[in-house]
Amino acid sequence: MVSKQQKQVVLKDYVRGYPKESDFELRSSDTICVLSNGSRAVLLKNLCLACDPYMRHRMSDQVSHPGTIIKSYSPGSVLVGYGVCKVIQSTHPGFQEGDFVWGLTGWEEYTVIPNPERLNKISHTGVPLSYYTGILGSYQIKATTLLHGQLYDKLEYRYDFDQGMARVRTGGIAAYVGFYNLCSPKAGETVYVSSACGGVGQLVGQFAKMMGCYVVGSASTEEKVNLSKTKFGFDDAFNYKEHDLAAALKRYFPGGIDIYFDNVGGKMLDEVIMHMKPHGRIAACGMISQYNLEEPEGIHNMFNVVVKSLEIKGFVETDFKHIYPEYLEFAIRHLQEGKLVYVEDIAEGLENASSALIGVFHGRNVGKKVVRVASG
């Protein structure tokens with residue numbers, strides 16, 4: 001194989017406000033796909049791509065500076081994100097043709113990875129491969145890779161004071177670590193989950209029920225509210241767009257909230273702080289309400305953190321990378337036993353990839369949003 005005509009999703013320029021179709025281009029490119037002798041590379045056929053909210057940060061020119069969470073994309077470059085792929089050619093001794101892997105890849109049909117050591121082989125194939133874009137995936141230890149002329153460090157965070165690395169939270173391991181390790185739940189406690197029907201929220205709700213907690217979620221449509229209750233087993237759920245948030249929290253949590261798993265941030269976080277019980281715990285997993293704002297909203301009720309002895313903690317996955325094998329065994333076992341369910345919202349084809357990603361920021365996805373590029 002010398003070259004391959006393929007489709008690629010390209011970011012045309014930095015984005016302001018909510019991303020829109022005109023910010024992206026579906027490009028046809030004649031990509032060279034020959035692996036030279038002596039290289040240690042793999043040629044991947046991309047099967048599934050994750051539409052993850054953190055990708056919005058990379059579309060801004062204001063994130064690539066010290067202390068921020070991730071690097072910006074370069075205008076005119078192919079989007080890079082998390083995906084499931086099939087190895088179709090390899091000059092690396094650790095990978096063979098036909099291997100299924102998950103990791104960082106391009107939003108295109110085929111991608112060459114020159115240094116694939118941090119790609120992760122998929123050994124459990126008794127579940128849909130797309131699950132490795134979410135419930136079974138995890139960003140792991142540093143993997144610097146050259147893709148499309150740019151260095152990507154697996155969505156690295158940079159800390160100037162120790163030059164440490166960390167990873168964006170996404171999918172099942174985020175739900176598992178954020179709920180069990182950060183929130184230390186106990187049977188009978190009250191749990192509130194925002195974005196309850198997303199790739200993370202749907203799992204947190206189920207984990208809370210496994211612990212014997214009372215759990216309520218919020219979502220943006222009645223379809224999602226019903227799914228949260230009937231599919232994921234939430235005790236209750238409400239449409240935050242149709243209800244006054246303060247009144248809803250008083251109704252569903254008359255005695256207060258022990259645990260808040262925050263995927264939204266902003267005004268919702270500000271209000272929830274007012275309803276937390278003393279010694280309540282808040283896992284700060286995502287802030288999707290803020291990603292498209294040029295001026296982020298402030299939090300005004302922080303004095304309650306003091307007087308209620310609240311704990312608010314963010315987290316990154318490299319802090320808990322040792323837990324991933326434990327989590328993977330837990331998740332697969334519970335999926336196979338029917339004790340854990342997972343809902344995906346799948347868009348077909350790269351031609352629909354940009355609209356799928358845009359829809360995440362408008363709440364159009366029901367479950368984890370995934371783009372299926374090709375079959376295995």
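Since the structure is predicted, the reported quantities are computational estimates derived from the model, not experimental observations.

Draft legend 1. Broad picture of the overall build of the protein chain. Summing up its helical and strand segments, the protein chain has nine helices and 17 strands in all. In the protein chain, which comprises 376 residues, the proportion classed as buried is 58%. When contacts within the protein chain are restricted to residue pairs at least 6 apart in sequence, long-range pairs at least 24 apart make up 70% of them. For the protein chain, the accessible area works out to roughly 15600 Å², and carbon and sulfur atoms hold 50% of it.

Draft legend 2. A look at the packing of helix α5 (residues 245-252) against helix α6 (residues 266-275). Interhelical geometry of α5 versus α6 gives an angle of 35° and a closest axis separation of 10 Å. Taken as a pair, α5 and α6 cross one another with a handedness that is right-handed. Counting all contacts with α5, which are made through L245, A246, L249 and K250, the residues of α6 involved are M268, E271, V272 and H275. Looking at the contact of α5 with α6 residue by residue, the class counts come to five nonpolar, one polar and two charged.

Draft legend 3. Structural view of the side chain of N304. The topology assignment puts N304 in helix α7 (residues 303-307). Classification of N304 by relative accessible area gives buried; the value is 16%. Excluding residues that lie within four positions of it along the chain, N304 makes contacts with I273, M274, S309 and L310.

Draft legend 4. Focus on the sheet that holds strand β11 (residues 214-219). Strand order in this open sheet of six strands is β12-β11-β10-β13-β14-β15, and the pairing throughout is parallel. Of all the strands in the sheet, the pair left with one neighbour each is β12 (236-239) and β15 (311-314). Along the sheet, successive strands turn relative to each other by an average axial angle of 15°, direction set aside. Along the sheet, helix α2 (residues 171-183) contacts β10 (190-193), β13 (257-262), β14 (276-284) and β15; its crossing angle with β13, the most-contacted strand, is approximately 150°. Sitting on the sheet, helix α4 (residues 222-230) touches β11 and β12, and the angle it makes with β12 is about 175°.

Draft legend 5. Geometry of the pairing of strand β16 (residues 344-348). The sheet contact formed by β16 and strand β17 (residues 368-372) spans five bridges and is parallel. Across the sheet, residue D345 finds its bridge partner in β17, namely K369. You can see the chain leave β16, run along helix α9 (residues 353-360) and come back into β17, and the turn it takes is right-handed.

Draft legend 6. A look at the packing of α2 against helix α8 (residues 324-336). Where α2 contacts α8, the axes come no closer than 10 Å and their chain directions differ by 105°. Classified by the angle between their axes, α2 and α8 sit roughly perpendicular to one another. Contact residues: α2 offers G172, I173, Y176 and Y180, while α8 offers Y324, E326, Y327 and F330. Taken together, the residues of the contact of α2 with α8 break down into six nonpolar, one polar and one charged.

Draft legend 7. Molecular detail of a nonpolar patch on the surface. A contiguous nonpolar patch, built from F303, V306 and V307 and spanning about 330 Å² of accessible area, is present on the exposed surface. With respect to the secondary-structure elements, V307 resides in helix α7.

Draft legend 8. Structural detail: the nonpolar core. In this structure, W107, L136 and Y327 are the most contacted members of the largest nonpolar core, which totals 80 residues. Split by domain, the residues of this core number at least three in each of domain 1 (3-167 + 319-372) and domain 2 (172-315). Ranked by size, the runner-up nonpolar core spans 19 residues in total, among them Y192, L249, V272 and I282.

Draft legend 9. Broad picture of the pattern of salt bridges. Under the counting rule described, the total for this entry stands at 14 salt bridges. Of the charged contacts in the structure, one is a salt bridge between K7 and E351, with a shortest N-O distance of 3.3 Å. Note that K7 is positioned in strand β1 (residues 3-11) and E351 in the loop between β16 and α9, a separation of 344 residues in sequence. R16 serves as the salt-bridge partner of E294, at 3.6 Å between the closest nitrogen and oxygen.

Draft legend 10. Seen up close, the packing of aromatic side chains. Counting across every chain of the model gives 16 aromatic pairs. Measuring from centroid to centroid gives 5.2 Å for Y131 and Y342, while their planes differ by 80°, and the two rings are edge-to-face. Of this pair, Y131 sits in the loop between β7 (120-121) and β8 (145-147) while Y342 sits in the loop between α8 and β16, and the two are 211 residues apart along the sequence. In this structure, Y131 and Y342 share a single accessibility class: buried. Pairing Y176 with F330 gives two aromatic rings, centres 5.2 Å apart and planes at 50°, and the pair type is tilted. With Y176 in helix α2 and F330 in helix α8, the pair connects residues that are 154 residues apart, well separated along the chain. For Y176, a relative accessible area of 8% translates into the label buried. Since its relative accessible area comes to 11%, F330 is described here as buried. Clustering of aromatic rings is evident, with ring pairs tying together Y176, F179, Y180, F207, Y327 and F330.

Draft legend 11. Fine view of the confidence of the model for the protein chain. Residues at a pLDDT of 70 or more form 88% of the protein chain, whose mean pLDDT is 88. Here residues 140-146 scores under 50 on pLDDT; set against residues more than four positions off or in separate chains, the count is 30 contacts. In this model, residues 148-169 is a region of pLDDT below 50 whose contacts with residues beyond four sequence positions or in other chains number 90 contacts.

The rules we used
Residues numbered from 1 in each chain as written. Predicted model: local features only at pLDDT ≥ 70, side-chain atom pairs only at ≥ 80, totals over all residues. Heavy atoms only, no water. Helix = DSSP H or I, 4+ residues; strand = E, 2+ residues; numbered from the N terminus. Buried < 20%, exposed > 50% of the residue type's maximum accessible area, 1.4 Å probe, protein only. Contact = heavy atoms within 4.5 Å. Areas by Shrake-Rupley, 256 points an atom, 1.4 Å probe, with all protein chains shown as cover. Axes fitted to C-alpha atoms, helices over the stretch in contact; angles between N-to-C directions. Left-handed = near helix turned anticlockwise from the far one by under 90°. Nonpolar A, V, L, I, M, F, W, Y, C, P; charged D, E, K, R; others polar. Pairing = 2+ DSSP bridges. Right-handed = clockwise from strand over helix to strand, strands pointing away. Parallel < 35°, antiparallel > 145°, perpendicular 65-115°, else oblique. Patch = residues over 30% accessible without salt bridge, like charges linked within 9 Å, V, L, I, M, F, W, Y side chains within 5 Å. Salt bridge = Lys/Arg side-chain N within 4 Å of Asp/Glu carboxyl O. Core = buried A, V, L, I, M, F, W, Y, C linked by side-chain atoms within 4.5 Å. Domains from an automatic or database assignment. Phe/Tyr/Trp six-rings, centres within 6.5 Å; stacked < 30°, edge-to-face > 60°. pLDDT = per-residue confidence, 0-100.

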